[in-house]
Amino acid sequence: MASFPEIGADWYFVLSVVLFGIGLYGILTQKSGIRILMCVELLLNAANINFVAFGSMYAQDQGFAYALFIIAIAAAEAAVGLAIFVNLFRVRHTIELDQIQTLRW
Amino acid sequence: VSPDETSSATAPAAAEPETSQYAEEVPTTLSKDERRAKRWEETKTDFKWATALLFVLVLGLSAVAPLADGPFRRATTYEEDLPGMTQVIFSPEGLVVPFEILSVLLLAALIAGIALGSRDVGREPEDSAWRDRSAEANAPEGEA
(Lines give C-alpha, C1' and ligand atoms only; values in the text may rest on other atoms or scores of the structure.)
Protein backbone atom coordinates (compact mmCIF):
# COMPACT_ATOMS: atom_id res chain seq x y z
CA MET A 1 0.00 0.00 0.00
CA ALA A 2 1.45 3.32 -1.06
CA SER A 3 2.33 5.65 1.75
CA PHE A 4 1.41 9.25 1.38
CA PRO A 5 4.00 11.90 2.21
CA GLU A 6 3.35 13.76 5.41
CA ILE A 7 1.81 17.17 4.95
CA GLY A 8 3.73 19.79 6.87
CA ALA A 9 2.07 22.41 9.01
CA ASP A 10 2.97 25.11 6.51
CA TRP A 11 0.48 23.82 4.00
CA TYR A 12 -2.29 24.04 6.55
CA PHE A 13 -1.45 27.70 6.95
CA VAL A 14 -1.57 28.13 3.20
CA LEU A 15 -5.00 26.54 3.13
CA SER A 16 -6.08 28.83 5.93
CA VAL A 17 -4.85 31.93 4.13
CA VAL A 18 -6.57 30.90 0.91
CA LEU A 19 -9.85 30.27 2.74
CA PHE A 20 -9.54 33.57 4.54
CA GLY A 21 -8.87 35.38 1.26
CA ILE A 22 -11.89 33.83 -0.40
CA GLY A 23 -14.08 34.77 2.55
CA LEU A 24 -12.77 38.32 2.69
CA TYR A 25 -13.24 38.75 -1.04
CA GLY A 26 -16.81 37.52 -0.78
CA ILE A 27 -17.68 39.75 2.14
CA LEU A 28 -16.33 42.82 0.40
CA THR A 29 -17.86 42.17 -2.99
CA GLN A 30 -21.11 40.32 -2.58
CA LYS A 31 -24.52 41.84 -2.01
CA SER A 32 -26.54 38.77 -1.17
CA GLY A 33 -26.89 38.16 2.53
CA ILE A 34 -26.66 34.41 2.15
CA ARG A 35 -23.39 34.69 0.26
CA ILE A 36 -21.97 37.02 2.88
CA LEU A 37 -23.03 34.60 5.60
CA MET A 38 -21.27 31.80 3.76
CA CYS A 39 -18.15 33.94 3.48
CA VAL A 40 -18.22 34.65 7.21
CA GLU A 41 -18.31 30.90 7.73
CA LEU A 42 -15.25 30.62 5.50
CA LEU A 43 -13.43 33.13 7.70
CA LEU A 44 -14.33 31.17 10.81
CA ASN A 45 -13.18 27.94 9.20
CA ALA A 46 -9.89 29.56 8.25
CA ALA A 47 -9.39 30.51 11.89
CA ASN A 48 -10.34 26.98 12.86
CA ILE A 49 -7.71 25.44 10.60
CA ASN A 50 -5.11 27.75 12.11
CA PHE A 51 -6.09 26.75 15.64
CA VAL A 52 -5.89 23.07 14.83
CA ALA A 53 -2.65 23.39 12.87
CA PHE A 54 -0.89 25.36 15.59
CA GLY A 55 -2.28 23.09 18.29
CA SER A 56 -1.05 20.08 16.41
CA MET A 57 2.31 21.65 15.66
CA TYR A 58 3.05 22.53 19.26
CA ALA A 59 1.21 19.51 20.73
CA GLN A 60 -1.15 21.80 22.63
CA ASP A 61 -4.68 20.59 23.20
CA GLN A 62 -6.06 24.08 23.65
CA GLY A 63 -6.05 24.54 19.89
CA PHE A 64 -8.48 21.67 19.39
CA ALA A 65 -10.67 22.88 22.23
CA TYR A 66 -10.87 26.39 20.78
CA ALA A 67 -11.75 24.89 17.39
CA LEU A 68 -14.72 23.12 18.98
CA PHE A 69 -15.84 26.40 20.50
CA ILE A 70 -15.60 28.17 17.17
CA ILE A 71 -17.65 25.46 15.47
CA ALA A 72 -20.41 25.91 18.05
CA ILE A 73 -20.35 29.69 17.72
CA ALA A 74 -20.49 29.41 13.92
CA ALA A 75 -23.53 27.16 14.22
CA ALA A 76 -25.31 29.67 16.44
CA GLU A 77 -24.42 32.52 14.12
CA ALA A 78 -25.66 30.63 11.07
CA ALA A 79 -28.94 29.73 12.77
CA VAL A 80 -29.73 33.29 13.79
CA GLY A 81 -28.46 34.74 10.51
CA LEU A 82 -30.57 32.44 8.38
CA ALA A 83 -33.65 33.14 10.50
CA ILE A 84 -33.07 36.88 10.05
CA PHE A 85 -32.70 36.50 6.30
CA VAL A 86 -35.88 34.42 6.07
CA ASN A 87 -37.75 37.18 7.87
CA LEU A 88 -36.06 39.82 5.76
CA PHE A 89 -37.16 38.11 2.58
CA ARG A 90 -40.71 37.86 3.84
CA VAL A 91 -40.83 41.59 4.47
CA ARG A 92 -38.68 43.08 1.74
CA HIS A 93 -38.69 40.32 -0.87
CA THR A 94 -34.95 40.69 -1.15
CA ILE A 95 -31.89 39.80 0.85
CA GLU A 96 -29.53 42.11 -0.98
CA LEU A 97 -27.94 44.00 1.83
CA ASP A 98 -27.39 47.12 -0.28
CA GLN A 99 -31.14 47.61 -0.36
CA ILE A 100 -31.59 47.24 3.37
CA GLN A 101 -30.82 50.67 4.71
CA THR A 102 -32.74 50.64 7.95
CA LEU A 103 -32.86 48.15 10.76
CA ARG A 104 -36.47 49.01 11.54
CA TRP A 105 -39.00 47.00 9.58
CA VAL B 1 -59.08 12.61 -38.61
CA SER B 2 -57.40 10.88 -35.82
CA PRO B 3 -58.80 11.10 -32.31
CA ASP B 4 -55.68 12.91 -31.25
CA GLU B 5 -56.23 15.68 -33.80
CA THR B 6 -59.88 16.03 -32.83
CA SER B 7 -59.10 16.34 -29.21
CA SER B 8 -56.38 18.86 -29.89
CA ALA B 9 -58.66 20.93 -32.14
CA THR B 10 -61.47 21.10 -29.62
CA ALA B 11 -59.29 21.48 -26.60
CA PRO B 12 -59.05 24.96 -25.19
CA ALA B 13 -55.88 26.86 -25.68
CA ALA B 14 -53.16 25.68 -23.43
CA ALA B 15 -53.25 27.58 -20.21
CA GLU B 16 -50.33 29.87 -19.72
CA PRO B 17 -47.97 28.67 -17.07
CA GLU B 18 -48.45 30.36 -13.78
CA THR B 19 -45.89 33.00 -13.17
CA SER B 20 -45.15 34.38 -9.79
CA GLN B 21 -44.53 38.01 -9.13
CA TYR B 22 -40.84 37.22 -9.00
CA ALA B 23 -40.77 35.41 -12.32
CA GLU B 24 -39.10 38.31 -14.08
CA GLU B 25 -36.65 38.91 -11.31
CA VAL B 26 -35.49 35.34 -11.02
CA PRO B 27 -35.54 33.61 -14.40
CA THR B 28 -35.11 29.91 -14.04
CA THR B 29 -33.50 29.17 -17.38
CA LEU B 30 -30.30 31.05 -17.89
CA SER B 31 -27.42 30.09 -20.03
CA LYS B 32 -24.00 29.70 -18.54
CA ASP B 33 -22.83 33.05 -19.88
CA GLU B 34 -25.97 34.78 -18.62
CA ARG B 35 -25.50 33.30 -15.18
CA ARG B 36 -21.91 34.46 -15.16
CA ALA B 37 -22.90 37.96 -16.27
CA LYS B 38 -25.65 38.08 -13.64
CA ARG B 39 -23.23 37.01 -10.95
CA TRP B 40 -20.77 39.66 -12.06
CA GLU B 41 -23.52 42.30 -11.98
CA GLU B 42 -24.39 41.27 -8.45
CA THR B 43 -20.86 42.01 -7.35
CA LYS B 44 -20.23 45.38 -5.82
CA THR B 45 -18.41 47.50 -8.30
CA ASP B 46 -16.77 49.68 -5.66
CA PHE B 47 -14.60 46.89 -4.33
CA LYS B 48 -14.49 44.60 -7.30
CA TRP B 49 -11.03 45.33 -8.62
CA ALA B 50 -9.43 46.26 -5.32
CA THR B 51 -10.49 43.04 -3.68
CA ALA B 52 -9.59 41.00 -6.74
CA LEU B 53 -6.09 42.47 -6.52
CA LEU B 54 -5.98 41.75 -2.80
CA PHE B 55 -7.13 38.20 -3.46
CA VAL B 56 -4.40 37.64 -6.05
CA LEU B 57 -1.81 39.07 -3.67
CA VAL B 58 -2.94 36.81 -0.85
CA LEU B 59 -2.90 33.79 -3.11
CA GLY B 60 0.54 34.68 -4.39
CA LEU B 61 1.93 35.19 -0.91
CA SER B 62 0.42 31.96 0.32
CA ALA B 63 2.00 30.10 -2.58
CA VAL B 64 5.42 31.61 -1.94
CA ALA B 65 5.40 31.44 1.86
CA PRO B 66 5.93 27.66 2.19
CA LEU B 67 9.01 27.90 0.02
CA ALA B 68 10.74 30.29 2.39
CA ASP B 69 12.74 29.05 5.34
CA GLY B 70 11.03 29.62 8.64
CA PRO B 71 9.72 27.94 11.74
CA PHE B 72 6.77 26.46 9.86
CA ARG B 73 8.86 24.95 7.12
CA ARG B 74 7.98 21.26 7.12
CA ALA B 75 6.88 21.48 10.73
CA THR B 76 5.69 18.14 11.96
CA THR B 77 2.23 17.71 13.33
CA TYR B 78 1.13 15.49 16.17
CA GLU B 79 -1.84 13.25 16.64
CA GLU B 80 -4.63 14.77 18.67
CA ASP B 81 -4.76 13.70 22.27
CA LEU B 82 -8.40 13.14 23.18
CA PRO B 83 -7.91 12.61 26.94
CA GLY B 84 -5.77 15.73 27.02
CA MET B 85 -8.45 17.68 25.18
CA THR B 86 -11.15 16.59 27.59
CA GLN B 87 -8.86 17.61 30.42
CA VAL B 88 -8.52 21.06 28.86
CA ILE B 89 -12.25 21.52 28.41
CA PHE B 90 -13.77 19.89 31.46
CA SER B 91 -11.30 20.54 34.22
CA PRO B 92 -12.28 23.33 36.65
CA GLU B 93 -9.11 25.25 35.87
CA GLY B 94 -9.71 24.75 32.15
CA LEU B 95 -12.48 25.87 29.84
CA VAL B 96 -15.48 24.46 31.64
CA VAL B 97 -16.99 27.88 32.36
CA PRO B 98 -16.76 29.03 28.71
CA PHE B 99 -18.15 25.64 27.77
CA GLU B 100 -21.22 26.23 29.91
CA ILE B 101 -21.59 29.78 28.63
CA LEU B 102 -21.45 28.38 25.11
CA SER B 103 -24.28 26.01 25.90
CA VAL B 104 -26.39 28.99 27.00
CA LEU B 105 -25.43 30.81 23.80
CA LEU B 106 -26.52 27.85 21.68
CA LEU B 107 -29.80 27.67 23.58
CA ALA B 108 -30.35 31.39 23.02
CA ALA B 109 -29.61 30.97 19.31
CA LEU B 110 -32.08 28.09 19.14
CA ILE B 111 -34.82 30.12 20.80
CA ALA B 112 -34.01 33.16 18.68
CA GLY B 113 -34.16 31.12 15.50
CA ILE B 114 -37.54 29.67 16.42
CA ALA B 115 -38.88 33.06 17.50
CA LEU B 116 -37.72 34.78 14.33
CA GLY B 117 -38.97 31.97 12.14
CA SER B 118 -42.41 31.90 13.71
CA ARG B 119 -42.98 35.64 13.59
CA ASP B 120 -45.89 36.61 11.40
CA VAL B 121 -44.26 39.66 9.94
CA GLY B 122 -44.42 40.28 6.25
CA ARG B 123 -47.31 38.00 5.48
CA GLU B 124 -49.29 40.95 4.16
CA PRO B 125 -46.73 43.69 4.01
CA GLU B 126 -48.79 45.89 1.70
CA ASP B 127 -51.46 46.32 4.37
CA SER B 128 -49.10 47.27 7.13
CA ALA B 129 -48.49 50.86 8.06
CA TRP B 130 -44.98 50.11 9.17
CA ARG B 131 -44.30 48.65 5.75
CA ASP B 132 -45.12 52.00 4.16
CA ARG B 133 -42.98 53.85 6.64
CA SER B 134 -40.15 51.47 5.99
CA ALA B 135 -40.51 51.86 2.23
CA GLU B 136 -40.38 55.62 2.60
CA ALA B 137 -37.34 55.39 4.79
CA ASN B 138 -35.56 53.15 2.30
CA ALA B 139 -36.57 54.99 -0.84
CA PRO B 140 -33.76 56.70 -2.74
CA GLU B 141 -33.41 60.40 -2.21
CA GLY B 142 -35.90 62.44 -4.19
CA GLU B 143 -38.46 59.66 -4.43
CA ALA B 144 -39.58 59.62 -0.82
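Residues numbered from 1 in each chain as written. Chains lettered and ligands numbered in written order. Predicted model: local features only at pLDDT ≥ 70, side-chain atom pairs only at ≥ 80, totals over all residues. Heavy atoms only, no water.

Visitor: Could you give an account of the overall build of chain B, with specific residues and numbers?
Guide: Tallying secondary structure elements over chain B gives six helices and zero strands in all. Across chain B, helices and strands are ordered from the amino to the carboxyl terminus as α-α-α-α-α-α. A total of 144 residues make up chain B; the buried ones form 17% of that total. Summing over all exposed atoms, chain B offers an accessible surface of approximately 11500 Å²; the carbon and sulfur share of this is 60%. (Helix = DSSP H or I, 4+ residues; strand = E, 2+ residues; numbered from the N terminus. Buried < 20%, exposed > 50% of the residue type's maximum accessible area, 1.4 Å probe, protein only. Areas by Shrake-Rupley, 256 points an atom, 1.4 Å probe, with all protein chains shown as cover.)

Visitor: So what's going on with the layout of surface pockets? Which residues, and what values?
Guide: The computed volume of the second largest pocket comes to approximately 220 Å³. Residue lining of the second largest pocket: Ile22, Tyr25, Gly26, Gln30, Arg35 and Cys39 of chain A together with Arg36, Arg39, Trp40 and Thr43 of chain B, and that is the complete set. Those elements giving two or more residues to the lining of the second largest pocket turn out to be helix 1 (9-29) and helix 2 (33-57) of chain A together with helix 2 (32-41) of chain B. When its residues are assigned to classes, the lining of the second largest pocket shows four nonpolar, three polar and three charged. (1 Å grid on protein atoms, 1.4 Å probe; cavity = no way out; pocket = protein on both sides within 12 Å on 5 of 7 lines; lining within 4 Å. Points joined across faces, edges and corners; volume = space filled by probe spheres on them. Nonpolar A, V, L, I, M, F, W, Y, C, P; charged D, E, K, R; others polar.)

Visitor: Could you give an account of a nonpolar patch on the surface, with specific residues and numbers?
Guide: The grouping of Leu107, Leu110, Ile111 and Ile114 of chain B at the surface amounts to a nonpolar patch, some 400 Å² of accessible area in total. Mapped onto the secondary structure, Ile114 of chain B falls in helix 5 (residues 96-117). (Patch = residues over 30% accessible without salt bridge, like charges linked within 9 Å, V, L, I, M, F, W, Y side chains within 5 Å. Salt bridge = Lys/Arg side-chain N within 4 Å of Asp/Glu carboxyl O.)

Visitor: With reference to specific residues and values, describe the packing of helix 3 (residues 62-92) of chain A against helix 4 (residues 82-90) of chain B.
Guide: The geometry of helix 3 of chain A relative to helix 4 of chain B is characterised by a closest axis approach of 9 Å and an angle of 65° between their N-to-C directions. For the element pair helix 3 of chain A and helix 4 of chain B, the recorded crossing hand is right-handed. Residues Gln62, Phe64, Ala65 and Leu68 of chain A of helix 3 of chain A touch helix 4 of chain B, and the partners they reach there are Met85, Val88 and Ile89 of chain B. Considering only residue class, the contact of helix 3 of chain A with helix 4 of chain B consists of six nonpolar, one polar and no charged. (Axes fitted to C-alpha atoms, helices over the stretch in contact; angles between N-to-C directions. Left-handed = near helix turned anticlockwise from the far one by under 90°. Contact = heavy atoms within 4.5 Å.)

Visitor: Which residues make up helix 2 of chain A, and what values do they have?
Guide: Given a rise of 1.5 Å per residue, 25 residues ought to cover 36 Å, and the 36 Å separating the end C-alpha atoms of helix 2 of chain A matches this to within 8%. Looking one or two places after helix 2 of chain A, you find Ala59 of chain A, whose phi comes out positive at around 55°. (Expected span 1.5 Å × (residues − 1).)

Visitor: If you had to explain the nonpolar core to someone new, which residues and values would you point to?
Guide: Among soluble globular proteins, nonpolar side chains are generally buried collectively. With seven residues, the main nonpolar core is built from Ala65, Phe69 and Ala72 of chain A together with Val88, Ile89, Leu95 and Leu102 of chain B. If you list the elements that add at least two residues to this core, you get helix 3 of chain A together with helix 4 of chain B. Sorting elements by how many residues they give to this core places helix 3 of chain A first, with three residues. Excluding its chain neighbours within four sequence positions, the residues that come into contact with Ala65 of chain A are Met85, Val88, Ile89 and Leu95 of chain B. Of all hydrophobic cores here, the second largest spans five residues; its members include Leu37, Leu88, Ile95 and Ile100 of chain A. (Core = buried A, V, L, I, M, F, W, Y, C linked by side-chain atoms within 4.5 Å.)

Visitor: Mind laying out empty space enclosed by the protein, listing which residues take part and the relevant values?
Guide: Evaluated as defined, the whole model comprises one cavity of 30 Å³ or more. Gly21, Leu24, Tyr25 and Leu28 of chain A together with Thr51, Leu54, Phe55 and Val58 of chain B are the residues that line the largest cavity. At the level of elements, helix 1 of chain A together with helix 3 (48-64) of chain B are the ones that each hand at least two residues to the lining of the largest cavity.

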